[in-house]
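# Commentary on secondary and tertiary structure
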Amino acid sequence: SKPSVWVSRPTFPDVVARLEPHFHVSAEPEETKFTSAELAAKLAGCDAAIVGLKERVGATELAAAKRLRIVANLAVGYDNLDLAALGAAGIAASNTADVLNESVADYAWALLLGASRRMGAAERWLRAGKWHATEFKGWLGTDVRGRTLGILGMGRIGQAIARRAQGFGMPVLYHNRSRLPEATERECRASYVGKATLLRESDCIMLVLPLTPETRHAIGAAELAQMKSTAVLVNVARGGIVDDAALAAALREGRLAAAGLDVFEGEPRVHPDLLALDNVLLSPHIASATTDTRRAMTSVAVDNVLAFFGHGPHAGHPPNLLNPEALAAAGVTFPPL
Ligand code: GLV
Ligand code: GLV
């Protein structure tokens, strides 16, 4: 009989239908926050799983997953997956790299402009019926044009953000674990600097790092103290990269002008100190959420599952495999024998 695929959240039925010739597909009909035990039971009952960031997959959740061969993440970031545990179990993991770069870059700019121009608070003011009281000197924001943009984390998303800076006449500084090739730096018109220089000299700072043990609280009290008091900070990467309590204190005390945040420590909870502030624009982790991009992400996850089991244009070569070495070490072959 056909292998089975579990899809943890409602996605796009016509995209997921591409699995149906080869798999028994079981897609959750509504958004659910599964407990660890519920997730373990779901994973125990399938050969492939397409999961979202709400699903945290580690050794506990994999303990009974004897048939599971691949976990396809509906996200580029995969801090929700324990790759060591997956690799040890000989289970493949994949992400949705690249198809969301442009949408996330657009959204990072939306947050920068929205936070700089106080759009969230201004909209709340209008909706509260206070427009008549708007002053000539009310709602003064800061221009972004001509200011210096600092990008921390210069992967493909960071580079897409940098290319957009040319339209705003903004010089770009970046910091990354490794320096980009010169041709890429030139194309992005971005200059490599140390982290301290980036924090000190940037007017607008965008975070596009993956969350790892090394990047946890990469922006904490000490880093916030290095930034200009006029700076605007944007995080479209992951909660936990910023110390949200320290950020809220800096925003409240005028040590930072504004922030635009799509991700939070411990989301879907948001630190109450951030919720109490007007100089921060908040959104519920939606930077990749356009129809085209969320469809493309679903399609990439489907492609990886198909390819793993030897079907489709990438048969035998899942294009977004995150743990090929671990699989090779475990003697895993795809298509599975
Ligand atoms: C979203 O946060 C993603 O990693 O795709
Ligand atoms: C991670 O999200 C990156 O593009 O660097």
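Because the structure is a prediction, the values reported are computed rather than measured.

This part covers the overall build of the chain. Along the backbone of the chain there are 14 helices and twelve strands. In terms of C-alpha radius of gyration, the chain reaches 22 Å, essentially the compact-globule figure of 20 Å for 337 residues. Its C-alpha atoms give the chain principal-axis dimensions of roughly 70 × 50 × 35 Å. In the chain, which comprises 337 residues, the share counted as buried stands at 43%. Sequence separation of at least 24 residues holds for 61% of the intrachain contacts in the chain that already meet a minimum separation of 6.

Around ligand 2, the structure places V76, G77, G153, G155, R156, I157, G158, V208, P210 and A237. By residue class, the composition of the shell around ligand 2 is five nonpolar, four polar and one charged.

Looking now at the UniProt feature "domain: D-isomer specific 2-hydroxyacid dehydrogenase catalytic" (unreviewed entry) in the chain. Those residues carrying the UniProt feature "domain: D-isomer specific 2-hydroxyacid dehydrogenase catalytic" (unreviewed entry) are residues 16-313 in this numbering. Helix makes up 36% of residues 16-313 and strand 14%, whereas the separation of the span's terminal C-alpha atoms amounts to 16 Å.

Another point: the nonpolar core. Formed by 102 residues in total, the largest nonpolar core has its most connected members in A108, M206, V234 and V305. Residues from two domains meet in this core; each of domain 1 (4-99 + 290-329) and domain 2 (101-282) gives at least three. Leave out the neighbours within four places in its chain, and M206 touches A108, L112, L149, I151, I161 and V234.

Reports of interface size often rely on the accessible area that becomes lost once the parts have come together. With domains assigned, the chain is organised as domain 1 (4-99 + 290-329) and domain 2 (101-282). Using only C-alpha atoms to locate each centre, domain 1 and domain 2 end up separated by 31 Å. Contacts between the two partners involve five residues from domain 1, matched on the other side by six residues from domain 2. Across the side of domain 1 that touches domain 2, the residue classes break down as no nonpolar, three polar and two charged.

As annotated in UniProt, the feature "domain: D-isomer specific 2-hydroxyacid dehydrogenase NAD-binding" (unreviewed entry) corresponds to residues 110-287 in the numbering used here. Structurally, residues 110-287 is divided into 33% helix and 15% strand, and its ends, taken at the C-alpha atoms, are 9 Å apart.

Alternating residues of strand β11 (residues 258-261) divide into A258 and G260 and A259 and L261, and every residue in both groups is buried. Pairing analysis gives four bridges linking strand β10 (residues 232-235) to β11, with the strands arranged parallel. Note on β11: the bridge partner recorded for V234 is G260. In this region the chain leaves β10, passes through helix α11 (residues 244-252) and returns to the parallel neighbour β11; the handedness of that crossover is right-handed. By the bridge criterion, three bridges tie β11 to strand β12 (residues 280-282) in an arrangement that is parallel. Bridge pairing in β12 links G260 to L281.

Cut-offs and rules
- Residues numbered from 1 in each chain as written.
- Chains lettered and ligands numbered in written order.
- Predicted model: local features only at pLDDT ≥ 70, side-chain atom pairs only at ≥ 80, totals over all residues.
- Helix = DSSP H or I, 4+ residues; strand = E, 2+ residues; numbered from the N terminus.
- Rg over C-alpha atoms; globule rule 2.2 N^0.38 Å.
- Buried ≥ 20, exposed ≤ 12 C-beta atoms within 10 Å, placed from the backbone.
- Contact = placed C-beta atoms within 7 Å.
- Near = placed C-beta within 6 Å.
- Nonpolar A, V, L, I, M, F, W, Y, C, P; charged D, E, K, R; others polar.
- UniProt positions renumbered as here; feature names shortened; annotations may be inferred.
- Core = buried A, V, L, I, M, F, W, Y, C linked by C-beta atoms within 7 Å.
- Domains from an automatic or database assignment.
- Pairing = 2+ DSSP bridges.
- Right-handed = clockwise from strand over helix to strand, strands pointing away.

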